[in-house]
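# Report on the structure
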Amino acid sequence: VQLVESGGGLVQPGGSLRLSCAASGFTFSTYHMRWYRQAPGKEREFVASITSVGGVTNYVDSVKGRFTISRDNPKNLVYLQMNSLKPEDTAVYYCYAVRINSPNTYWGQGTQVTVSS
């Protein structure tokens, strides 16, 4: 089982990035997917989620209107489009897979996003 994030980097305030998370080793289309982030010295926090078939999304208030989560089940990919980035968005971003009534959950290794001028 693997979740591999990519797309992080250094961007100026107001810029955009698109994170990707590639899944393998499990039935991706049956798992709800989430993005979390962890800034230095802070606890990991929920950012966004999307249901297994992509019908329902949810966001933390601080990113609403700026971030969009989406998924491509045939390609086993989940995305996080991040626009209007702010310095406070700087963190390591992780993708996470979870399925209702299953004990199996999976984390990726994370990708660094740094927003700075």
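First things first, this report covers the structure right here in the doc. (Residues numbered from 1 in each chain as written. Predicted model: local features only at pLDDT ≥ 70, side-chain atom pairs only at ≥ 80, totals over all residues. Heavy atoms only, no water.)

### Comments concerning the side chain of Ser52
With respect to the helices, strands and loops of the structure, Ser52 is situated in the loop between strand 5 (45–50) and strand 6 (57–59). The class for Ser52 is buried, based on a relative accessible area of 15%. If we ignore the near neighbours within four places in the chain, the residues touching Ser52 are Ser29, Thr30, Tyr31, His32, Arg71 and Asn73. (Helix = DSSP H or I, 4+ residues; strand = E, 2+ residues; numbered from the N terminus. Buried < 20%, exposed > 50% of the residue type's maximum accessible area, 1.4 Å probe, protein only. Contact = heavy atoms within 4.5 Å.)

### Observations regarding the state of the cysteines
According to the stated counting rule, one finds 1 disulfide in the structure shown. Covalently, Cys21 is tied to Cys95 through a disulfide, its sulfur atoms 2.0 Å apart. Taking the torsion about the S-S bond as the criterion, the Cys21 to Cys95 disulfide, at about 50°, is right-handed. On the criterion of sequence distance, the pair formed by Cys21 in strand 3 (residues 17–24) and Cys95 in strand 9 (residues 91–98) is long-range, its members being 74 residues apart. (Disulfide = S-S within 2.5 Å.)

### Digging into the pattern of salt bridges
Going through the model one piece at a time under the given rule, you end up with 4 salt bridges. Residue Lys64 is joined to Asp61 by a salt bridge in which the shortest nitrogen-to-oxygen separation is 3.0 Å. By relative accessible area, which is 49% here, Lys64 ends up partly exposed. Classification of Asp61 as exposed rests on a relative accessible area of 61%. Here Asp89 ties to Arg66 by a salt bridge, and the two come within 2.8 Å at their closest N and O atoms. (Salt bridge = Lys/Arg side-chain N within 4 Å of Asp/Glu carboxyl O.)

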